[in-house]
Amino acid sequence: MQYIITAPSRLQHTAQLPASKSISNRALIIHALSGGTILPENLSDCDDTEVIVSALKDNPYEINIKAAGTAMRFMTAYLSVKDGEEHVLTGTERMKHRPIGVLVDALRFLGADISYVGEDGFPPLLIRGKKLEGGILEVPGNISSQYISALLMIGPALKKGLTIRLTGDIISRPYIDLTLWTMREFGADAEWSDFETIEVRPQPYHERAYYIENDWSAASYWYEMVALTRDKDACVQLKGLMDGSKQGDSSVRYIFSLLGVKTVFETTRQGEPTTITISHSGRRVPRMEYDFNNSPDLAQTFVVTCALLDIPFRFRGLSTLKIKETDRIEALKKEMRKLGYVIQDIDGCELVWDGERCEPMTEGGIDTYEDHRMALAFAPVSLRMESLCINHPQVVTKSYPYYWNDLRKAQFRVESSE
């Protein structure tokens, strides 16, 4: 399937964003570990969250988490402490080629009974749940933060609690902080004891009513639209976001201020969701350098935006992009070349554009590589072209299921072409 996207000349819209996938997935695992019966409110309805909801509700022997990397990592740790239960945890063909050995090794060190069904280091996994003692773990800080979060969340269920010492550079620290914050919301005693050590004491979670705020990652695509539209009076309102959010991608509002997009929050009581208004400020940097170490999921959005605005860039901290839903480094280079932009990478962890152009070749459409963020980040390009074709657009269900309907409500024309 293909969607042909044609953008409106004016951009005036109010969007109800999806709930935060990151918080939803953490809250669900913690809720299950608490033995609670009241599901968190305003759960994300994306694919990644739904597979966790289904797994926790139905508790089948074979759990297929499809393409949900977060679910694979979180469920691996969760199932390892479910005493007396046995499960096979599997996913899509791409998931079977996404490494999980670091997490399995760490859990085995704690005493977990986990076997590889196929190739060592990769799903599927056979997990026999048991009571674990806990203790001290030393883990590289430059691995996916989801491995670290998965370990942290089971910490309160371990007899001796858990101490994690992170070695080397620590990437995606805001996602670790988000995990610790969500754990504490459910009564855990968990905190950084120094710059590289996290202590989780053996204090059980307690059940509580919990409300999930909306998703700053989803907001990033509306920021991109405001940045790219030629409508200088563009105004987009986004509902359900929080000022001071613990979501790492809430940094999007600061980064986009460098690209001429300003953010205004409605007045609200502290800690409550509110509505923001984003519009043009009229001021952009001539060149952009940024380290996405703490927010790698924003990289695609800013690669596309900066190139289309003719702003040369150098983006660092992208080492985890190669092990996402696809190799995002290579996918970005290939699809940006279709638009006429020659992006270079440095050692697979930096992306650079110095203004080099090539002949555009968009006839075949933009490929999405089973990666939701490719579709989400490239659709706004239609604001700078007569129209844009997106291949396999249904991938957005992984994080923003009604994205295309929201674009239609904003007067984008979204037409299906088989």
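Look above for the structure.
Nothing here was measured: the structure is a model prediction, and the numbers come from that model.

Caption draft 1: Representation of the environment of Lys-21. Within the secondary structure layout, Lys-21 lies in helix α1 (residues 21-34). Along the chain, Lys-21 and Tyr-116 lie 95 residues apart, while their C-alpha atoms are 28 Å from each other. Those residues within four positions of Lys-21 in sequence are excluded, and the remaining contacts are Ser-44, Cys-46, Asp-48, Thr-49, Thr-70, Asp-215, Arg-373, Lys-398 and Ser-399. Among the polar contacts made by the side chain of Lys-21, one reaches the side chain of Asp-48 at a distance of 3.4 Å.

Caption draft 2: View of the state of the cysteines. Tallying each qualifying case throughout the model produces 0 disulfides. This cysteine, Cys-349, is not joined by any disulfide, and Cys-306 carries the nearest cysteine sulfur, 18 Å off. Cysteine Cys-358 shares no disulfide, and the gap to the nearest cysteine sulfur, in Cys-306, comes to 18 Å. By relative accessible area, Cys-358 is classed as partly exposed at 22%.

Caption draft 3: Structural detail: the environment of Asp-83. Mapped onto the elements, Asp-83 comes out in the loop between α3 (69-80) and β4 (86-90). With near-sequence residues (within four places) excluded, Asp-83 lies in contact with Gly-129, Lys-130 and Lys-131.

Caption draft 4: Expanded view of the sheet that holds strand β14 (residues 288-291). Ordered in space as β14-β15-β17-β16, the 4 strands form an open sheet in which the pairing is mixed. Looking along the sheet, the strands with just one partner apiece sit at the ends: β14 and β16 (344-346). The average angle at which neighbouring strand axes cross in this sheet is 15 degrees, direction not considered. The sheet contact formed by strand β15 (residues 313-316) and strand β17 (residues 350-353) spans 3 bridges and is antiparallel. From the neighbouring strand, Phe-313 faces β17, where its bridge partner is Trp-353.

Caption draft 5: Just the pairing of strand β18 (residues 388-391), in detail. Because side chains alternate across β18, one face comprises the buried residues Leu-388 and Ile-390, and the other comprises Cys-389 and Asn-391, equally buried. Sheet topology places strand β1 (residues 2-6) next to β18; 4 bridges connect them, and they run antiparallel. Bridge pairing in β18 places Ile-4 opposite Cys-389.

Caption draft 6: Just the pairing of β1, in detail. Strand direction decides the pairing type here: β1 and strand β19 (residues 413-417), joined by 5 bridges, are antiparallel. Residue Gln-2 lies in a different strand from β19, and its bridge partner there is Ser-417.

Caption draft 7: The arrangement of the packing of aromatic side chains in detail. Tallied over the entire structure, the rule returns 15 aromatic pairs. With a centroid separation of 4.5 Å and an interplanar angle of 10 degrees, the aromatic rings of Phe-313 and Phe-315 are classed as stacked. A single burial state applies to Phe-313 and to Phe-315, both of which are buried. Put simply, the rings of Tyr-223, Phe-256, Tyr-290, Phe-292, Phe-302, Phe-313, Phe-315, Tyr-341 and Trp-353 pair up and form one aromatic cluster. In this structure, Arg-173 is placed above the aromatic ring of Phe-195, and the distance from its NZ or CZ to the ring centre is 4.1 Å. Against the face of Tyr-3 rests Arg-408, its NZ or CZ located 5.6 Å from the ring centre.

Analysis parameters
- Residues numbered from 1 in each chain as written.
- Predicted model: local features only at pLDDT ≥ 70, side-chain atom pairs only at ≥ 80, totals over all residues.
- Heavy atoms only, no water.
- Helix = DSSP H or I, 4+ residues; strand = E, 2+ residues; numbered from the N terminus.
- Contact = heavy atoms within 4.5 Å.
- Polar contact = N/O pair within 3.5 Å; in protein donor to acceptor, adjacent residues only side chain to side chain.
- Disulfide = S-S within 2.5 Å.
- Buried < 20%, exposed > 50% of the residue type's maximum accessible area, 1.4 Å probe, protein only.
- Pairing = 2+ DSSP bridges.
- Axes fitted to C-alpha atoms, helices over the stretch in contact; angles between N-to-C directions.
- Phe/Tyr/Trp six-rings, centres within 6.5 Å; stacked < 30°, edge-to-face > 60°.
- Lys NZ or Arg CZ within 6 Å of the ring centre and 35° of its normal.

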